[in-house]
Amino acid sequence: MTDIPALAKRNSRLPVSTMAILALFALMVGLTMAGVINKYIQSVLMFIGINIIFSASLNIVNGYMGEFSCGHGGFMAVGAYVSSVLSVILFTENSFTGQPLLPPGSAIFLFPIVIIIGGLVSAVFGLLVAIPSFKTRDDYLAIITIAANFIIVTLINNIGAVGGSRGFMGMKKSLKAMEAVIDLPYMIIWIFIFVVLSIVMIRRLMKSTYGKGISSIRYDETSAEIMSVNTNHMKLVAFMFSSGLAGIAGGLFAHVMGFVNPASFSIFKSTEGLVMVYLGGMGSLSGSVLSAVIFTLMLEALRPLQILKWVLIPLMLILLMQFRPEGLLGNRELSDVFPKLKRIFIRKDSSNG
Amino acid sequence: MAEILLEIKDLTHRFGGLTAVSDLNFEIIKDEIVGLIGPNGAGKTTVFNLVSGFYVPSEGDILYKGERINGLKPHEIASRQIGRTFQNIRLWSDMTVLDNIKISQHYRLGYNLMDAFLQTKKYKKHEKMIEADAYELLEEFQLSDLAHEMPKNLPYGVQRRVEIARALSLKPDLLMLDEPAAGLSSADVSELIQYIQWIKEHFKLTIWMIEHQMQVIMSLCSRIKVVDFGKELLTGTAEEVRNSPEVIKAYLGDGEI
């Protein structure tokens, strides 16, 4: 497993995968700035990114750990609202504090921190599910996750200060403040960075012996305990990490839309996450990424159908469960299906050796 | 000098109204192979589950190396170096044999979540150590060729070996085997006997086993405890157990119809 020459080379030259990611990043930012891709394509690209984080994070619980969380949208809501409120209070004129607490231009550095704080608060809300999971499993835990989703959405619905069911807005002004300093397509840039960070973090965690403790719960929790895995600790890590990333997806979503309302994070949102995870394959990280891309594009294609898409999406879920319950990739990765890809990612693989 | 490794004192366990284990006393001395036998439903596996922390005893104490371990979580007990296998094999059947061995070293990971995210030096050092040890163990068990196989694809007898190897990755001083011969053919059983003997010598272990196959018990165990209805019937050598009328009665009934 340990590939010493590859490791040595790693220090002198960037791995192909890193270069590919940098190139894609440069391409996207470049094309956006040059005005080659229009606002619509930009927004589709951004939603793909947000959905990648959303589905990959849900996959930690539903795929790797084998529990069934169907309230992931709730955690996205927490991140969306926390970062939106922070961003509005800190960088713009608002109804809470009047004047912005910080010079609006500082958003240019503080924006990612605001998003991360949203994620951290979401991670804390993850305890709402993590703690019951110590004693409860399977269908019973699934019901608790639905309950958590409802609790969060209903709470937000009833907090007048953030607009209740009418929603909350003003985040566009923070972006304007950033653009006033240097004009860059900030949302594309930050979504790209957070997608890459999320994927790298999930990948590193699930490749480590530490993270494999999470997967051991899926196959046999009893023997995991007997073999010295602290399963409660693993559940805590899995649920908090998963909901934290959902919170980051939520914060980014809120800033792309410039407007959030509780209804966007209802059980429908959670269902979209489930469709993506099961479409891609449980426990397959590249599957989640792939299905997030396919699913987002499909949603765009189905947009003319409006509400009818909620007939088509569940129907697709039924067909998927009937004919390919393991999803597109099962629990394999793209590199297992197309071995050629391994050559590109081989250094990444050896880096955990 | 006989050093007591595990001491069970007045152990009682009730499930609701049912007393599964009642006032059991037992000492396991370092370096011996001890058997625990009894008819079906006698409470043998319950005793194992009590020792490994799945149940908290209703009464009594369990001391391991002089330290009280009842009330601890199973993973904490495992980390104190007690290994165990199950009656029905419980490997992580969809993860490779290597992963099975690696995950079982969670008790000495030596790094935390942040180290895993950042792939720090500490992380790399410990992962390397864990992997090297896992390979070494597989080598000793002649399983290294199967390192990347999934247990579900392996024959039953090999799965047993993998399960024992996995229990040994805890570097236990006490190994508890719950019916290791269950489901094995008679040829496999004689192999298993040699195998257990070898494990004991090679890893300098104390072994405590539940077994129904008398061939295994009689040829391995220096001492045997017989339980029935959660109570101790007798403790003695293989010969004493074989000739005890009480034991025969427990297994076969007392002849008065």
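Because the structure is a prediction, the values reported are computed rather than measured.

**Describing the interface of chain B and chain A**
Every contact between the two is made by 39 residues of chain B and, on the other side, 30 residues of chain A. Linking chain B with chain A are two salt bridges, by the criterion used here. We note a salt bridge from B:Asp99 to A:Lys212, for which the minimum N-O separation is 3.0 Å. At the boundary of chain B and chain A, one finds 16 residue pairs in polar contact (both at pLDDT 80 or more). Looking at the side of chain B that touches chain A, the elements with two or more residues in it are α2 (74-79), α3 (97-103), α4 (113-118), α5 (121-140) and α6 (156-168) of chain B. Looking at the side of chain B that touches chain A element by element, the count peaks at seven residues for α5(B). Each residue belonging to the side of chain B that touches chain A can be placed in one class, and the counts come to 19 nonpolar, nine polar and 11 charged.

**Examining the sheet that holds strand β9 (residues 223-228) of chain B**
Residues and elements named next belong to chain B. An order of β6-β7-β8-β3-β9-β10 is seen for the six strands of this open sheet, with the pairing classed as mixed. At either margin of the open sheet sits one strand with a lone partner, and together these are β6 (82-84) and β10 (231-236). The sheet shows a mean angle of 20° between the axes of neighbouring strands, direction not considered. Bridge count for strand β3 (residues 33-37) against strand β8 (residues 206-210) is four bridges, and the pairing is parallel. For Val-34, the partnering residue across the bridge sits in β8 and is Trp-208. Packing against the sheet, α6 makes contact with β6 and β7 (174-178), and its axis sits at approximately 150° to β7. Packed on one face of the sheet, helix α10 (residues 245-252) meets β3, β9 and β10 and runs near 135° to β10.

**Things to note about the packing of aromatic side chains**
Residues and elements named next belong to chain B. Applying the stated criterion to the full structure yields 18 aromatic pairs over all chains. Note on Phe-26 and Trp-208: the rings are 5.5 Å apart at their centroids and 70° apart in plane angle, and the pair reads as edge-to-face. A residue pair is termed long-range when its members are at least 10 positions apart, and Phe-26 in strand β2 (residues 18-29) and Trp-208 in strand β8 qualify at 182 residues. By relative accessible area, which is 0% here, Trp-208 ends up buried. Three or more aromatic residues joined by ring pairs form one cluster here, namely Phe-141, Tyr-195, Trp-198 and Phe-203. Here Lys-225 stacks its cationic end above the ring of Phe-26, 4.6 Å away from the centre of that ring.

**Considerations on the packing of helix α3 (residues 39-65) of chain A against helix α12 (residues 231-257) of chain A**
Packed helices, taken two at a time, are described by the angle between their axes plus the distance between the axes. All names here are of chain A. Following both chains from N to C, one finds α3 and α12 inclined at 165°, their axes separated by 9 Å at the closest point. Considered as vectors, α3 and α12 are oriented roughly antiparallel to each other. Handedness of the α3/α12 crossing: left-handed. Within the contact between the two elements, α3 uses Met-46, Phe-47, Ile-50, Ile-53, Phe-54, Ser-57, Leu-58, Ile-60, Val-61 and Met-65 and α12 uses Lys-235, Ala-238, Phe-239, Phe-241, Ser-242, Leu-245, Ala-246, Ala-249, Leu-252, Phe-253, Val-256 and Met-257. Classifying every residue of the contact of α3 with α12 by side-chain character gives 19 nonpolar, two polar and one charged.

**Some points on the nonpolar core**
Core analysis: the biggest nonpolar cluster contains 97 residues, and A:Ile50, A:Ile202, A:Ile214 and A:Leu252 have the highest contact counts within it. Contacts of A:Leu252, omitting those with residues within four sequence positions, involve A:Ile50, A:Ile53, A:Ile115, A:Met187, A:Ile191 and A:Phe194. Residues B:Ala181, B:Ile199, B:Leu205 and B:Val241 belong to the second largest nonpolar core, which totals 44 residues.

**A word on helix α5 (residues 107-125) of chain A**
Residue and element names in this part refer to chain A. In a regular helix each residue adds 1.5 Å, so 19 residues correspond to 27 Å; α5 covers 26 Å between its end C-alpha atoms and thus fits that length. Among all positions of α5, only Ala-107, Ile-108, Phe-111, Pro-112, Val-114, Ile-115, Gly-118, Gly-119, Ser-122 and Ala-123 are buried. The inward-facing, buried residues of α5 abut α4 (72-91), α6 (127-130), α8 (171-181), α9 (186-207) and α12.

**A closer look at the environment of A:Lys212**
In this structure, A:Lys212 sits in helix α10 (residues 209-219). Taking the C-alpha atoms as reference points, A:Lys212 and A:Val229, separated by 17 residues in sequence, lie 9.8 Å from one another. In contact with A:Lys212, other than residues within four places in its own chain, are A:Leu205, A:Met206, A:Lys207, B:Met95, B:Asp99, B:Lys102 and B:Ile103.

**Focus on the pattern of salt bridges**
Applying the stated criterion across every chain yields a total of 22 salt bridges over all chains. Where A:Asp220 meets B:Arg90, a salt bridge forms, and the shortest distance between an N and an O atom there is 2.8 Å. Taken together, the residues A:Asp220 in the loop between α10 and α11 (221-226) and B:Arg90 in the loop between β6 and α3 connect one chain to another. Through salt bridges that share partners, A:Glu67, A:Arg137, A:Glu221 and A:Lys235 make up one connected network.

**A word on the side chain of B:Glu32**
All names here are of chain B. Checked against the element boundaries, Glu-32 lands in the loop between β2 and β3. Separated by 2.8 Å, the side chain of Glu-32 and the backbone nitrogen of Ile-29 make a polar contact. Not counting residues up to four positions away in its chain, the partners in contact with Glu-32 are Glu-27, Lys-200, Thr-206, Ile-207, Ser-222 and Arg-223.

**Considerations on the side chain of B:Gln159**
With respect to the helices and strands, B:Gln159 occurs in helix α6. Residue B:Gln159 is classed as buried on the basis of its relative accessible area, which comes to 15%.

**Focus on the confidence of the model for chain A**
All names here are of chain A. With 92% of its residues at a pLDDT of 70 or more, chain A has an overall mean of 88. When mean pLDDT is taken per element in chain A, α12 scores highest with 96 and helix α1 (residues 4-12) scores lowest with 48. For the stretch residues 1-10, pLDDT sits under 50, and the model shows 15 contacts to residues farther than four places along the chain or on other chains. Here residues 347-353 is a poorly scored stretch, pLDDT under 50, and it has 27 contacts once near neighbours within four places are set aside; other chains count.

The rules behind each value
- Residues numbered from 1 in each chain as written.
- Chains lettered and ligands numbered in written order.
- Predicted model: local features only at pLDDT ≥ 70, side-chain atom pairs only at ≥ 80, totals over all residues.
- Heavy atoms only, no water.
- Contact = heavy atoms within 4.5 Å.
- Salt bridge = Lys/Arg side-chain N within 4 Å of Asp/Glu carboxyl O.
- Polar contact = N/O pair within 3.5 Å; in protein donor to acceptor, adjacent residues only side chain to side chain.
- Helix = DSSP H or I, 4+ residues; strand = E, 2+ residues; numbered from the N terminus.
- Nonpolar A, V, L, I, M, F, W, Y, C, P; charged D, E, K, R; others polar.
- Pairing = 2+ DSSP bridges.
- Axes fitted to C-alpha atoms, helices over the stretch in contact; angles between N-to-C directions.
- Phe/Tyr/Trp six-rings, centres within 6.5 Å; stacked < 30°, edge-to-face > 60°.
- Buried < 20%, exposed > 50% of the residue type's maximum accessible area, 1.4 Å probe, protein only.
- Lys NZ or Arg CZ within 6 Å of the ring centre and 35° of its normal.
- Parallel < 35°, antiparallel > 145°, perpendicular 65-115°, else oblique.
- Left-handed = near helix turned anticlockwise from the far one by under 90°.
- Core = buried A, V, L, I, M, F, W, Y, C linked by side-chain atoms within 4.5 Å.
- Expected span 1.5 Å × (residues − 1).
- pLDDT = per-residue confidence, 0-100.

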